[in-house]
Amino acid sequence: MAGTIHNIWETYLQYNGGGGHMALFLCALLLLGALCRTEREKSDSFLLSGYAVFFFGIFFCPLTAKVIMDFCIGARVYWRMFWILPLPAVIAYAFALRLKKEEVSWKRGAVVAGMILVVAVTGTSIYAQGNFREAENLYKIPQDAVDVCELMQEDAERHNIEEKGIIVVNELLPYVRQYDGTVRMPYGRLSMHDFKFPTKNGRKIYNLINNPQIDFKRLKKAAQKGGYNYLAYYRHGMPDQEMRELGFEKIGESSNYFVYRIEI
């Protein structure tokens, strides 16, 4: 339970970040009751405030949080709970109620300017160093992944291989099927985080390829068992002569990886 509480608090801090929009949201919640004039406004404010209180009750309660983390969305993406928090709607509604109180045009203009300033000051600029970088290609994935997939596709066409299956290192894992959705892989990117694998052979392949002292003979047998006819591995860690002796056929290389065909 202590781990769940830690995850809850860390998730909240990560979502909140360095900005002040969460504080602005909580202030807007407190102001809703004071700004209401009509019964309709009171009803709407009660609905928004009640929903927010209900949300935080579920989010911060260790019991409900553990159920959601373990059986719904997972602990790693628990921050997605904030997607259902009406933060922009509550802030906008509170500002609108405040604006309705001013009847003089210049005062209304001042309130609007003040609202814009508050939102700008409590937020953080996205135009910061490190938030953007130039894409290596039109696909917006690492060029190594594109090169590996193209080498595999060209070789498959030359050898009349209809079903392509590849084993790759973790750095390439999230990108191969973004480029070519027809490629089979022993496990997906989520397996790196939750260590859940579709098959026992997939788990075996993961353990083998992530072992510092990789046993390529066992990896080849696991690849043949699963029907994976290609392998991409680091150039600096690939003993090329040993690979050839084991029956791996080198079909090409990218900047950082050798690509081999495995007879199955």
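First things first, this report covers the structure right here in the doc.

**Considerations on the environment of valine 169**
In step 1: By the element assignment, valine 169 lies in the loop between β1 (166-167) and α8 (176-179).
In step 2: Beyond its immediate sequence surroundings of up to four residues, valine 169 is in contact with Ile209, Ala232, Tyr233, Tyr234 and Tyr257.

**Some thoughts on the side chain of arginine 261**
In step 1: Among the structural elements, arginine 261 can be located in strand β4 (residues 257-261).
In step 2: Within the structure, the side chain of arginine 261 is placed 3.3 Å from the side chain of glutamate 263, a separation counted as a polar contact.
In step 3: Beyond its immediate chain neighbours, meaning those up to four positions away, arginine 261 contacts Asp155, His159, Ile161, Asn229, Tyr230, Gly247, Phe248, Glu249 and Ile251.

**Re the sheet that holds strand β3 (residues 249-253)**
In step 1: Spatially, β1-β2-β4-β3 is the arrangement adopted by the 4 strands of the open sheet, whose pairing is mixed. In this open sheet, the two edge strands, each paired with only one partner strand, are β1 and β3.
In step 2: Note that β1 and strand β2 (residues 230-234) share 2 bridges and pair parallel. Within the sheet, the bridge partner assigned to isoleucine 166 lies in β2 and is tyrosine 230.

**What about the packing of helix α3 (residues 39-60) against helix α5 (residues 87-100)?**
In step 1: Where α3 meets α5, the axes come as close as 11 Å, and the angle between the chain directions of the two elements is 155°. With respect to α5, the element α3 is oriented roughly antiparallel. Of the two elements, α3 crosses α5, and the hand of that crossing is left-handed. Residue-level contacts link Glu41, Asp44, Ser45 and Leu48 of α3 to Val90, Tyr93, Leu97 and Lys100 of α5.

**Some details on the packing of aromatic side chains**
In step 1: Summed over all chains, the structure comprises 23 aromatic pairs.
In step 2: Here the aromatic rings of phenylalanine 55 and phenylalanine 59 are separated by 5.8 Å at their centres, their planes lie at 20°, and the arrangement is stacked. Here the residue phenylalanine 55 and the residue phenylalanine 59 both occupy positions in helix α3, the gap between them amounting to 4 residues, near one helical turn. For the pair formed by phenylalanine 55 and phenylalanine 59, the shared burial category is buried.
In step 3: Aromatic side chains phenylalanine 216 and tyrosine 233 sit 5.5 Å apart centroid to centroid with 90° between the ring planes, which places their arrangement in the edge-to-face category. One end of the pair, phenylalanine 216, is in helix α11 (residues 216-226); the other, tyrosine 233, is in strand β2, and 17 residues separate them in sequence.

**What about α3?**
In step 1: Helix length check: α3 (22 residues) gives 31 Å between terminal C-alpha atoms against 32 Å at 1.5 Å per residue, within 8%.
In step 2: Where α3 is buried, its residues contact α1 (2-16), α2 (21-35), α4 (62-71) and α5.

The rules we used
Think of each chain on its own: its residues are numbered from 1, step by step along the sequence as written. With the structure being a predicted model, the display of local features is reserved for residues of pLDDT at least 70 and the display and counting of side-chain atom pairs for 80 or more, all residues being used for whole-chain, interface and lining totals. With hydrogens and water stripped out, all remaining heavy atoms of the structure feed into the side-chain values. Under the DSSP-based scheme used, a helix requires at least four consecutive residues in state H or I and a strand at least two consecutive residues in state E, with every element numbered from the N terminus. Contact criterion: two residues are considered in contact whenever any of their non-hydrogen atoms come within 4.5 Å of each other. Any pair of nitrogen or oxygen atoms within 3.5 Å is treated as a polar contact; in protein, a donor-acceptor pairing is required on top of that, and neighbouring residues in sequence qualify only through side-chain atoms on both sides. One bridge is not enough; two strands pair if DSSP finds at least two bridges between them. Interaxial angles span 0 to 180 degrees and are taken between N-to-C directions of axes, which are lines fitted to C-alpha atoms, for helices over the stretch in contact. If an angle is under 35 degrees, it is roughly parallel; if it is over 145, roughly antiparallel; if it lies from 65 to 115, roughly perpendicular; otherwise it is oblique. Crossing handedness follows the turn of the near helix against the far one: under a right angle anticlockwise gives a left-handed crossing, and clockwise gives a right-handed one. Each Phe, Tyr or Trp ring (for Trp, its six-membered ring) is paired with any other whose centre lies within 6.5 Å, and the angle between the two planes then decides the class: stacked below 30 degrees, edge-to-face above 60, tilted in between. Think of it in three bands: residues with accessible area under 20% of the maximum for their type are buried, residues over 50% are exposed, and the middle band is partly exposed, with areas taken using a 1.4 Å probe on protein chains only. The span expected for a helix works out to 1.5 Å for each residue beyond the first.

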